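Understanding the architecture of this molecule
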Amino acid sequence: MRSYLIVANQTLTSASLADAIRARLAEGPIQTYVVVPLTPVGGRLTWDEQASLDVARARLDDVLARLREMGADADGEVGDRDPVAAVRDAVRGRTVDEGIISTLPKGISRWLGEDVPSRLHEAITIPITVVTQAES
């Protein structure tokens, strides 16, 4: 069974991520581990860590249920605020065939602006696929 690490936050329910998962399910059973990096919610200068954790946990629970409905084995965690650190933590001691990072479109995505995909390529040895949410 192939194993996939999914890294996303605001795009966890995007059609583009669902399509990427369905494509992998079409090749056979898969195991997924979802990492939702903690993203501040609230004001621009201050943020409530507990509120942010609650939002991330709700997003994680929702996507895990969706993945299971699609037929994937699914588990996950809320990770570090830095997506690269969150991924490094998640892959430690875990066998992963591919990482899938789901982002907002270019120009909107903070992760693309911070070059998270390239930083991930440098930080871990597994192949990384970037799935970008279609602009609406």
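Please refer to the structure higher up on the page.
Okay, so let's go over this structure. (Residues numbered from 1 in each chain as written. Predicted model: local features only at pLDDT ≥ 70, side-chain atom pairs only at ≥ 80, totals over all residues. Heavy atoms only, no water.)

Under the criterion given, the structure shown has seven salt bridges. The partner of arginine 57 in a salt bridge is aspartate 61, and the shortest N-O contact between them spans 3.4 Å. Here arginine 57 and its partner aspartate 61 are both found in helix α2 (residues 49-70), four residues apart, which amounts to about one turn of the helix. Residue arginine 57 is classed as partly exposed on the basis of its relative accessible area, which comes to 38%. We note a salt bridge from aspartate 89 to arginine 92, for which the minimum N-O separation is 3.3 Å. Assessed through its relative accessible area of 39%, aspartate 89 is described here as partly exposed. (Salt bridge = Lys/Arg side-chain N within 4 Å of Asp/Glu carboxyl O. Helix = DSSP H or I, 4+ residues; strand = E, 2+ residues; numbered from the N terminus. Buried < 20%, exposed > 50% of the residue type's maximum accessible area, 1.4 Å probe, protein only.)

Another aspect to go through is helix α3 (residues 83-91). Most of α3 sits inside the fold, with seven of its nine residues counted as buried. Listed in full, the buried residues belonging to α3 are Pro83, Val84, Ala85, Ala86, Val87, Ala90 and Val91. Those residues of α3 that are buried are in contact with β1 (2-7), β2 (30-37), β3 (73-79), α4 (110-113) and α5 (116-123). At the N-terminal boundary of α3, the capping side chain belongs to aspartate 82, with an oxygen 3.1 Å from the backbone nitrogen of valine 84. (Contact = heavy atoms within 4.5 Å. Polar contact = N/O pair within 3.5 Å; in protein donor to acceptor, adjacent residues only side chain to side chain.)

One finds Leu12, Leu17, Ile21, Val34, Leu60 and Leu67 to be the most contacted residues of the largest nonpolar core, which totals 22 residues. Listed by contribution, the elements that provide at least two residues to this core are β1, α1 (15-25), β2, α2 and β3. Ranked by residue count, the leading element in this core is α2, at five residues. In contact with leucine 60, other than residues within four places in its own chain, are Leu12, Val34, Val36, Gly76, Glu77 and Val78. Counting residues in each nonpolar core, the second largest holds 17 residues, with Leu5, Val35, Leu120 and Ile126 among its members. (Core = buried A, V, L, I, M, F, W, Y, C linked by side-chain atoms within 4.5 Å.)

On to the sheet that holds β2. Strand order in the open sheet formed by five strands is β3-β2-β1-β4-β5, with parallel pairing between adjacent strands. The sheet terminates laterally at β3 and β5 (128-132), the two strands that pair on one side only. When the angles between neighbouring strand axes are averaged without regard to direction, this sheet yields 20°. (Pairing = 2+ DSSP bridges. Axes fitted to C-alpha atoms, helices over the stretch in contact; angles between N-to-C directions.)

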